[in-house]
Amino acid sequence: MNFGVRRILGVLTRSYTTMSTRPFALERQLGLSAVRRACALTSSVFNKLVKNETLTKGDKSPVTVGDYAAQALISIMLKNSFPADPIVGEEDAAELRAEEGKVLRDRIIDLANEALIAPLVEGDKAEWGIGPGQTKTTAELLDAIDRGNYDGGRTGRMWTIDPIDGTKGFLRGEQYAVCISLLVDAQVQLGIIGCPNLPVDASKPDGERGCIFVAVRGQGCQQIALSGSSETKLTMPTFTPSTLNFLESVEALHSSHSTTDTISSILGITRPPIRMDSQAKYGCLARGDGGLYLRMPTGVGYREKIWDHAPGSLLVEEAGGVVTDSRGQPLDFGLGRTLGENFGVVAAGKDVHAAVLDAVQQATGVKAKV
Ligand SMILES: Nc1ncnc2c1ncn2[C@@H]1O[C@H](COP(=O)(O)OS(=O)(=O)O)[C@@H](OP(=O)(O)O)[C@H]1O
Ligand SMILES: [Mg+2]
Ligand SMILES: [Mg+2]
Ligand SMILES: [Mg+2]
């Protein structure tokens, strides 16, 4: 064996050994594999989506065949390796089990099975129940969707799945994200967010698209292009008011744009906000595309869901940022499926977070909790 080949094998073996002995190494590797497959699934759904493949849920939000199929796929993969872990997932299969759901159901089963049997790529393992021949029955896949019905809580391990976060962005062909996290005793230990439509490099908006952000507590935050496997470590840069800009929701119903305008003026921010759907905002913040993510309640009594913030909050913390609610309290993921009373989300770099919180409290009248 020549020296070059030996050296490459040595590096691969070393990095595998280092990875495999780190906490949550298997969860990270399997989670990345599941999110990659779900990103491929949802991208292909978008290209073929037909009008009657979207339902409107009780809360008037949309859900597509892509949301259901991606939740089924991820849940099956998690069950295979971590059968005892409960899942807090956004979707449930009730509508699909009804007779009227048959057409949608058949399409979802086909999509989930296509994603399960797709050839193995680097990092995948057949023992995870993926690859040629690994199809599941309709009953198994519907049950997999319904495994996301865990009520959450303060103790033990649990996963969150948001199979398509920013479904409205997905339907517009804009930003959306496939998001999973692992919590242990209500603390996020692993967060993975796949963003199929996000430019790999924000300074090249017309360049390559598709990236995954991943963070394990204490192991930093990394970005991986969907087309490859090399990892870039992310660290949030330092901002001043003249270079700072907001990342915020596209939908004014989800986050109050007028409150962020007021906060902008208090802080002397002159740059316009970057509006983007989904937890792609947290990934962008972690890599420094904007300096601040604000989600201000719109006063309709909405309760934020844990799957919309658990993975993203860890990305930002591991890239050197701080995430709190508008009273300066850490987000509490141990209250069930929601964050409880909604006091908004303030995510920013360490150097600006305190000033931002102060401005948020001036603008909203919310008092810091001591
Ligand atoms: N009223 C209200 N207030 C706050 N948040 C809400 C509200 N209604 C829905 N949602 C949740 O918003 C999730 C999408 O968040 P985004 O940041 O992508 O919002 S936006 O689409 O950019 O507006 C969206 O996630 P998905 O359903 O996964 O798309 C919802 O969980
Ligand atoms: Mg939804
Ligand atoms: Mg969501
Ligand atoms: Mg969703």
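Everything numeric here is computed off the predicted structure, so don't read it as measured data.

A. Molecular detail of a negative patch on the surface. A cluster of acidic residues, D92, E95, E99 and E100, forms a negative patch at the surface. As for its placement among the helices and strands, E95 is situated in helix α4 (residues 94-97).

B. Summary view of the UniProt feature "binding site: Mg(2+) 1" (unreviewed entry) in the protein. Those places that UniProt annotates as "binding site: Mg(2+) 1" (unreviewed entry) correspond, in this numbering, to D162, I164, D165 and D308. Separation in sequence by 147 residues is not matched in space for these annotated residues, since their most distant C-alpha atoms are only 10.1 Å apart. Within the secondary structure layout, D162 lies in strand β4 (residues 157-165). Take D162: its relative accessible area is 1%, and that puts it in the buried class. Here D308 lies in the loop between β12 (292-295) and α10 (310-318). Setting aside chain neighbours within four positions, we find D308 in contact with D162, D165, Q279, Y282 and Y302.

C. Fine view of the coordination of the magnesium ion (ligand 3). Distances from the magnesium ion (ligand 3) to its protein donors, namely D162 (OD), D165 (OD) and D308 (OD), fall within the range 2.0 to 2.1 Å. Sequence spacing of the donor residues for the magnesium ion (ligand 3), all on one chain, is D-x2-D-x142-D. Between the two metals, the magnesium ion (ligand 3) and the magnesium ion (ligand 2), the spacing is 5.2 Å. Of the two residues, D162 and D165, both sit in the buried class.

D. View of the UniProt feature "binding site: Mg(2+) 2" (unreviewed entry) in the protein. When the UniProt feature table is mapped onto this chain numbering, "binding site: Mg(2+) 2" (unreviewed entry) sits at E90. Assignment of secondary structure puts E90 in the loop between β3 (87-89) and α4. Setting aside chain neighbours within four positions, we find E90 in contact with K57, Q71, I161, D162, P163, I164, W307 and R337. Within the local environment of E90, its side chain forms a polar contact with the side chain of K57, the two groups lying 3.0 Å apart.

E. Representation of the site of ligand 1. Of all residues adjacent to ligand 1, which total 19 residues, the nearest are G166, S278, K281, R295 and D308. Contact between ligand 1 and Y302: an oxygen atom at 3.2 Å from a side-chain N or O atom of the residue. Look at ligand 1: alone it shows 640 Å² of surface, and the protein chains cover 91% of it. Looking at which element gives the most residues to the shell around ligand 1, the answer is β4, with three residues. Partitioned by chemical class, the residues of the shell around ligand 1 number five nonpolar, five polar and nine charged.

Reading guide: rules and limits
- Residues numbered from 1 in each chain as written.
- Chains lettered and ligands numbered in written order.
- Predicted model: local features only at pLDDT ≥ 70, side-chain atom pairs only at ≥ 80, totals over all residues.
- Heavy atoms only, no water.
- Patch = residues over 30% accessible without salt bridge, like charges linked within 9 Å, V, L, I, M, F, W, Y side chains within 5 Å.
- Areas by Shrake-Rupley, 256 points an atom, 1.4 Å probe, with all protein chains shown as cover.
- Salt bridge = Lys/Arg side-chain N within 4 Å of Asp/Glu carboxyl O.
- Lys, Arg positive; Asp, Glu negative; His and termini not counted.
- Charge placed at Lys NZ, Arg CZ, Asp CG, Glu CD.
- Helix = DSSP H or I, 4+ residues; strand = E, 2+ residues; numbered from the N terminus.
- UniProt positions renumbered as here; feature names shortened; annotations may be inferred.
- Buried < 20%, exposed > 50% of the residue type's maximum accessible area, 1.4 Å probe, protein only.
- Contact = heavy atoms within 4.5 Å.
- Donors = N, O, S within 2.8 Å, 3.2 Å for Na, K, Ca; no water.
- Polar contact = N/O pair within 3.5 Å; in protein donor to acceptor, adjacent residues only side chain to side chain.
- Near = heavy atom within 4 Å.
- Nonpolar A, V, L, I, M, F, W, Y, C, P; charged D, E, K, R; others polar.

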